[in-house]
Amino acid sequence: MTILRSKLDAARTLAAQQQKTKQGAAQTQTAAAAAQAQQVEQKQLAAAAQKQELELEQAVAAAAKQQQEQRAAATRAAAVKTATHIENRKAQMVHMVPAKYPLRAARRGEQGWVDVEFTVNPDGSVSNVHVTDSKPRYVFDRAAIDAVSRWRFKPALINGRPAAVVLKRQIEFKLSSNG
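Here is what the cut-offs are and how they apply
- Residues numbered from 1 in each chain as written.
- Predicted model: local features only at pLDDT ≥ 70, side-chain atom pairs only at ≥ 80, totals over all residues.
- Heavy atoms only, no water.
- Phe/Tyr/Trp six-rings, centres within 6.5 Å; stacked < 30°, edge-to-face > 60°.
- Helix = DSSP H or I, 4+ residues; strand = E, 2+ residues; numbered from the N terminus.
- Buried < 20%, exposed > 50% of the residue type's maximum accessible area, 1.4 Å probe, protein only.

A. View of the packing of aromatic side chains. If you walk through the whole model with that rule in mind, you get six aromatic pairs. Aromatic pair tyrosine 101 and phenylalanine 140: ring centres 5.5 Å apart, planes at 75°, arrangement edge-to-face. Here the residue tyrosine 101 occupies a position in the loop between strand E1 (92–95) and helix H2 (103–108), and phenylalanine 140 occupies one in the loop between strand E3 (126–135) and helix H3 (141–149), the gap between them amounting to 39 residues. On the basis of relative accessibility, which here comes to 25%, the residue tyrosine 101 falls in the partly exposed class.

Here you go:
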């Protein structure tokens, strides 16, 4: 019976060792599976971090591009503003018709002046000619209006475009001394 008992003890010991070995193998498998799961999780986290970093780089690049476009637009706007600002000028006379001395005033030996105000139109023609002051009154007015009405101008430019402007001039009427 001792033999039997010893064989039984040996069999129990062997079974216990096999069970421990199986448990150890199962624990090793569980640990390996856990380690593998942890590696997969780390790879997923690394991929997510890389994706986030790429998105951040793209956002920074887009913001830089937008800022560059805004600067370019501002530069173009400033250039247009400067270009149109430069193209301002006053009306310039290109054809002046002298006033005819009224025969009646010449016979009387009268001299004087006439202040006229008129509009230079965008096409360079003259309109709305009227006397604002004169000396002597009414003597030279008609002659001054007739002459100014036939003047021609290079039109005034405002922001690069022809524009109507109002001008004032004084026309003098003097007799020449060499008779």
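Structure's up, so let's keep going.
B. Region of the structure containing unusual backbone geometry. A cis amide bond links lysine 135 with the next residue in sequence, proline 136, at an omega value of -10°. Relative to the elements of secondary structure, proline 136 occurs in the loop between E3 and H3. In this structure, tyrosine 138 is a non-glycine residue whose phi angle is positive, near 70°. Of note, tyrosine 138 is situated in the loop between E3 and H3. Although it is not a glycine, asparagine 159 adopts a positive phi angle of roughly 55°. Relative to the elements of secondary structure, asparagine 159 occurs in the loop between strand E5 (156–158) and strand E6 (161–163).

Interpretation note: all reported values are geometric properties and have no functional meaning in isolation.
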